[in-house]
Every structure is written in structure tokens, then in C-alpha cells.
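So the chains spell out like this:
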2 protein chains.
Amino acid sequence: MRRQVCSTLLVLVLGAALVSQVATSRGGEPEPRKAPAVAVDDRLPSWNEGAAKRAIQSFVERVTQEGSPDFVPLSERIAVFDNDGTLWCEQPVYVQALFVRDRVRALALEHPDWGERQPFRAVLKGDRAELAALGEKGIVDLVTTTHAGMTTDEFHKIVEDWIAGAKHPRFDRPYTRCVYQPMLELLAYLRANGFKTYIVSGGGVEFMRPWTESVYGIPPEQVIGSTIQTKYELRGDTPALVRLPEVDFIDDRAGKPVGIGKLIGRRPIAAFGNSDGDYEMLRYVTSGSGPRLGLIVHHTDAEREYAYSRDSLVGRLARALDEAPARGWTVVDMKRDWSQVFANK
Amino acid sequence: MRRQVCSTLLVLVLGAALVSQVATSRGGEPEPRKAPAVAVDDRLPSWNEGAAKRAIQSFVERVTQEGSPDFVPLSERIAVFDNDGTLWCEQPVYVQALFVRDRVRALALEHPDWGERQPFRAVLKGDRAELAALGEKGIVDLVTTTHAGMTTDEFHKIVEDWIAGAKHPRFDRPYTRCVYQPMLELLAYLRANGFKTYIVSGGGVEFMRPWTESVYGIPPEQVIGSTIQTKYELRGDTPALVRLPEVDFIDDRAGKPVGIGKLIGRRPIAAFGNSDGDYEMLRYVTSGSGPRLGLIVHHTDAEREYAYSRDSLVGRLARALDEAPARGWTVVDMKRDWSQVFANK
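No experiment lies behind these values; they were computed from the predicted model shown. (Residues numbered from 1 in each chain as written. Chains lettered and ligands numbered in written order. Predicted model: local features only at pLDDT ≥ 70, side-chain atom pairs only at ≥ 80, totals over all residues. Heavy atoms only, no water.)

Student: So what exactly am I meant to see when it comes to the overall build of chain A here?
Tutor: Of the regular secondary structure elements, chain A holds 13 helices and 8 strands. Looking at chain A as a whole, 60% of its 345 residues are labelled buried. In chain A, the proportion of contacts linking residues at least 24 apart, taken out of those at least 6 apart, comes to 68%. Summed over its atoms, the accessible surface of chain A is roughly 13600 Å², and 50% of this surface lies on carbon and sulfur atoms. (Helix = DSSP H or I, 4+ residues; strand = E, 2+ residues; numbered from the N terminus. Buried < 20%, exposed > 50% of the residue type's maximum accessible area, 1.4 Å probe, protein only. Contact = heavy atoms within 4.5 Å. Areas by Shrake-Rupley, 256 points an atom, 1.4 Å probe, with all protein chains shown as cover.)

This is the structure:
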């Protein structure tokens, strides 16, 4: 767990300094496709006809067909979605890394010594070598300093304000509009068929909850993510939850099924991811009995978004892609399968 | 946290040995009541007319009245319920304590040395003095030995089998029929008015999830409770979550708001409890802005169930009862307010 904390947070924070430096890598061998099916009652208008769309529709039809051997009762229709790179853009760096950077900059105004004090100096300078040399303690310090020391309500407000103002450096639009239109349609399509949709992300849960309901239609209680410790405390006579500078749980890789166990308590029947960080979740979900859907968004579109997989620091996709055919996972080729990438509003 | 782990588990396990020895204590001063209201469209047939029923109905009417200043949007209608003593009978001991005892007895068949080995010997003998002398390590050993070492699916099956066979010593009926009819009606009434209903219990979350949906209509993902650590692991080629002998989180007292923060991520607007273990949850929930409902089930009915509060080892109710009037919490006098106690089926 310790090593995982470090590597997960390292990627998160390193990213912050690199926002203007990272070159997008090209990658991705599109999966072999069969002849397109004819779409009936198209609820997925941004999905081109093809194997991916057909796999989604066929799965939903099978599990909702009463009397069929593949029928799944309403209460068990649970679908889990990774967030970064699956529902919204994670390039050139994780959005939360920019939040860390901006929080350090904002807090530095009250801490003039940070200009010469690590781990803050490295972030303020945007120095890659200094960041890489921080080690676990420095990384954890960065995350907890920027995410702890206030109540959950106060942090909610900080995130809400930040996300309203922050813009993607390349697309020059709010991050909440760097979400994928086809995935919004997929969420809506699943919910229209009785699914409960969850986010299961390596990102901080309280960094997502303030905006997932308005952006994805996913309420806070259906967001699973990494957590820091909190403590019940009276502020005057008013109870509050105070965020402590201590990591509680990292919801990444093998942590994703554990997070699902903690918060959902049963095995979902569909999982959507885009990187090796989702590998264990995909395995866990698709190994249950009965019909299962595992789907990987493969970023193959350098023009409209980014093209990356095997060589990427952020969102590396290798093992999950290699094993996809044998495990029956559907691979979405963004360039080929999506007629539109980003949501309009 | 360490001290709290110990005291919470101590009460749990001590109870196991005392199942035939505990005398029920009498307690409880009924709250002053006003004139009964006239019930319109009665969805709470087992609730006698009175202040408690009126408080529930008035709260629900206010938050569901569109255009009213007290209106609460559907997505924020979240209600949290303690389980032991609030939804089902917790006397003479917590049901989970009997599960621990029965598990120790069952496992002892494969461990002949347990007859002379603590902490098991104390449970097998049902010896109060020996149990009291176990200390934290012994208590934690008891809980983890009986709750860990198998996959979550295997544990689910163990609980399911146990709960199907276990009977309440006094009422001679399955524990799943020692649930309170008025609370079932209340759950249904709230859900009919758009509420999402949650359990927030000090008990083990995986001890509840196998049966809460069929008994209360509350799905596993809406059950919050104490947890032990789990680990993602391949069993052969099949992924599983394995339960480890290590306490993860105690969802009791000040842990209840923390558990709510972790799993729900926003402040519920109604909370239902019966003991001082629910005090912090009641405070947390009812201190939010807008309309709030806090309700305490006071066990005052020795004839149909049990009468206890201030002097009880299990379900002690003192501070929450004392502060109820000042904090605007509704106190249900079981004897007076409920025309029926247990569910028929």
C-alpha cells in the first residue's frame, strides 16, 4: 500500500509541473472490427456503428429482457466508470494535478517561505528534477497540505470555485466541458435501462463529488475515490467533518475492487476504464457469473483529443489492452467509434 | 480510535456470553405530548396518533411541497437509520454477538485446542469474568477470527446461512422477524416520498448486507457499518476480495458522521437512532440548514419488547435523551406510540 500511495501520488503531482511540457505520444492498434450492425432506436447518437456500440447495446438488451436467462434484476444493475480518461480528458495531466498546483500557488501567498521550502518550491518553480527528488514524504505533504486542514464543506466550496474557473490549456474550455459526449450518452442509456451508475476513480473522492451530479448525473454517494482521513469535530456548537493530513485509502489498481467492496458491497455487472489502473476492476467485474460487460476507452485520436496508451506517463494502457481480446473486453477506438468527442455544454 | 475499537467490540463480544443472563432494565421518562393530530392518508398504520407521528408527517410534507421554502430536491432527500435497537431488536444482546459466539463454537470443532486457549475458551465457557479479562487484543482476535480469512462472497454465504437459522431467545422467531413494523412503514413512507434510505450502524457492514434488502428494502450499497480490511487477490484465475484480520473502520459514535462522509458525501436531512451511539450522527444531521428531522426510538415497552435506556449495557441512552428537547429531536415512546412492535412476516 505504501509503495502504491507513493506511485499514485507521484504521477498526480509530477504532472502538475509538466503541464506545458508533456508531449502527447501516439499509440494504439485498433481492434479488429466486424460489419456494423443496424441501430434501432438510437440512444447513442455519438457512437458510430461498429463492434463497440453493438457490444453495449447487445449487453443492455440481454440483461433487461425479462424471462431471458441473461435477465438481471434491477437492483443488481450496477455499472462502474473510471473518471480520468474514461469520462473526461486526463491529458496532458490529471486535472487534480492542476488543482494541487493552483492550491500551492494560492496558499503560497500566505506562506512567503514556501519559495525556498520543499516540497512547495518544486511546484512553484515547476521544476521536474526537484519534483522527482521529493520522495514519498514530500509528495504526501503536497497532497495533504492542499487537501486537508479544513472542513469537508469548506473543501467542497474550494473545489467548486476552482473548477468553475479552470480551463484546459489546449482546448481552452472548462474541464467540465472536456467530458466525453459518447460517455454521457452511455451513462444516460444505462440509467434509462435501470442501471445505477458509479464512478470508481483513483482521484480524490471529495475533488469529484462537488460537480459529478451536474456534469454526469452521478450523485456524490455514487462516487468512489481515494480518501484522506476525516474527523468529527465541533466548531463552536456546530458539528463538522475536518479533513486531516493523513492518507486513508488509495482507490487505484487493486484498490478499485476494494473500494467497490467497501462502498457498493456487491459485484457490479459492467465496468468502463481506459488504463492499466482499471485492470483489476475490469477483471473483478467481468469474472462474476452471468452477463458482464468490460469496456476500455482507447485514446487514438490525436486530432480531436489525444493519442496515447503504452508509453504514456498518465493513463498508461498496456496489459489491459493486450488481454482485452482473451477476456472479452470491448475496446473503443476513440477515433473510429466516436463521431463526437467532447460534450457541447 | 484504539480505545473506541476496544469499547465497541467489548460490548459486542461480552454480550455473547451473557445472552441468558442479562436482565432487562427499566428506564425512560416519556416525553411530554400534545394533543393528537388527525391522520390523513395514513401510511403509518402502526404509529399511534401523537407528537412523534405528527413530527414525521409534517417533516415529510414540508420537504416534498414544491414551491415551499422548505422544499428539498429529490437528490438531497437522504435519511439515515441506525440498525440495532432502531430497526431491529438489540436485546438481550446485539445479534452480531450471537453470531460471534456461534462462529467460535462452529470453528472450535476444527480447533480442539480452543477449549483451553483464550480468547476462545472464554466464549466457549460463556464465562463473564474471563471475557472481561481478555483485553483489546483478545477482543480483536475474537472478531477477526470469526469474520476474516475468507472471501467476501464466502462470508456473505456464512451470514446468510446463520441468519436463516438463528432465533431470538425470548421471542423464538428469526431475527429478521424481530424488526419493528412501524420502522418498516416509516422506511416505505420515506421512500414513497423520494427519500434514499441508508443504514448507518456500528455493526459490521458485511454482517448486514446479505439480508437488508429483503428485510428492509435497503440495498447493500446503502448500508454503512464497521469494516475490516480486505484485499484483492486471485484465487486461481478468479479475482476475489479476501477479508483480512485487521480492523479498518469503526462506524460508531463520532465514527458515524465520518462513515456518512465517506460513503454518502453529503449531509443527510433525517436521522433515526436509539442510543448515545447515535448522538453524533443526530447532531451532525440536524445541524444542517433547512428542515431536519432527528428521531430517537426510546425502548419503554418491557411487555412487548424491552424497556431500557440509561442503565443499559447495550443501547445506553442518556445524553441523547437529555438533550432531545433542546435540540428538537423527536422521541418515540415505543409503548405509547407504536400499536404494533414486530413485523408479522
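Student: When you look at the relation of the copies chain A and chain B in this model, what are you seeing that I'm missing?
Tutor: Between the two chain copies there is a screw-like relation: a rotation about an axis and a shift along it. For the pair chain A and chain B, the relating rotation is 180 degrees, the translation along its axis is 0.0 Å, and the fit reaches an RMSD of 0.0 Å. Such a combination of turn and shift is consistent with a two-fold rotation axis. Across chain A, the rotation axis passes nearest the C-alpha of Leu263(A), at a separation of 3.1 Å. Of the residues that chain A buries at the interface, 100% are likewise interface residues in chain B, meaning the two copies contact each other through the same surface. (Least-squares fit on C-alpha atoms with pLDDT ≥ 70 in both.)

Student: Help me out: how do you make sense of the interface of chain A and chain B in this one?
Tutor: Often, the extent of an interface is quoted as the loss of accessible area upon association of its parts. Counting residues at the interface gives 36 residues for chain A, matched by 36 residues for chain B. A buried area of about 3000 Å², summed over both sides, lies between chain A and chain B, and 46% of it is on carbon and sulfur atoms. The interface formed by chain A and chain B contains 14 salt bridges. One salt bridge connects Arg267(B) with Asp153(A), and the closest N-O pair in it is separated by 3.3 Å. Linking chain A with chain B are 22 residue pairs in polar contact (both at pLDDT 80 or more), by the criterion used here. Counting residues per element, the ones that place at least two in the side of chain A that touches chain B are strand 2 (196-204), helix 9 (205-216), strand 3 (223-235), strand 4 (238-249), helix 10 (255-263) and helix 11 (279-286) of chain A. In terms of residue count, helix 10 of chain A provides more of the side of chain A that touches chain B than any other element does, 5 residues in total. Its residues placed into classes, the side of chain A that touches chain B shows 14 nonpolar, 7 polar and 15 charged. (Buried area = accessible area lost by both parts, 1.4 Å probe. Salt bridge = Lys/Arg side-chain N within 4 Å of Asp/Glu carboxyl O. Polar contact = N/O pair within 3.5 Å; in protein donor to acceptor, adjacent residues only side chain to side chain. Nonpolar A, V, L, I, M, F, W, Y, C, P; charged D, E, K, R; others polar.)

Student: How should I be thinking about unusual backbone geometry in this particular structure?
Tutor: Negative phi characterises most residues that are not glycine, and trans characterises most peptide bonds. All names here are of chain A. Here the amide bond leading from Gln91 into Pro92 is cis, since omega sits at 0 degrees, within 30 degrees of zero. Positionally, Pro92 belongs in the loop between strand 1 (78-81) and helix 3 (95-108). Here the residue pair Gln118 and Pro119 is connected by a cis peptide bond, since its omega of 5 degrees sits within 30 degrees of zero. Assignment of secondary structure puts Pro119 in the loop between helix 3 and helix 4 (120-125).

Student: Looking at this structure, I do not really get the state of the cysteines. What am I missing?
Tutor: Each disulfide consists of a covalent bond between the sulfur atoms of two cysteine residues. Following the criterion strictly, the structure yields 0 disulfides over all chains and no others. For Cys89(A), which is in no disulfide, the shortest distance to another cysteine sulfur is to Cys178(A) and amounts to 5.8 Å. (Disulfide = S-S within 2.5 Å.)

Student: Looking at this structure, how should I read the sheet that holds strand 5 (residues 270-273) of chain B?
Tutor: Sheet strands pair by backbone hydrogen bonding; their relative direction is either parallel or antiparallel. Residue and element names in this part refer to chain B. Taken in spatial order, the 7 strands line up as 4-3-2-1-5-6-7 in an open sheet, and their pairing is mixed. Both edges of this open sheet fall to strand 4 (238-249) and strand 7 (330-333), since each of them pairs with a single strand only. Here the average twist between neighbouring strands, direction ignored, is 35 degrees. The pairing of strand 1 (residues 78-81) with strand 5 spans 3 bridges and is classified as parallel. Within strand 5, the residue paired with Ala79 across the bridge is Ala270. (Pairing = 2+ DSSP bridges. Axes fitted to C-alpha atoms, helices over the stretch in contact; angles between N-to-C directions.)

Student: Please explain the confidence of the model for chain A as it appears in this structure.
Tutor: Low pLDDT means the predicted atomic positions in that stretch should not be read closely. All names here are of chain A. Mean pLDDT for chain A: 90, with 88% of residues reaching 70 or above. Considering only residues more than four positions removed or in separate chains, one finds that residues 16-40, a stretch of pLDDT under 50, has 55 contacts. Two summary scores accompany this predicted model of the complex, namely pTM at 0.90 and ipTM at 0.90. (pLDDT = per-residue confidence, 0-100.)

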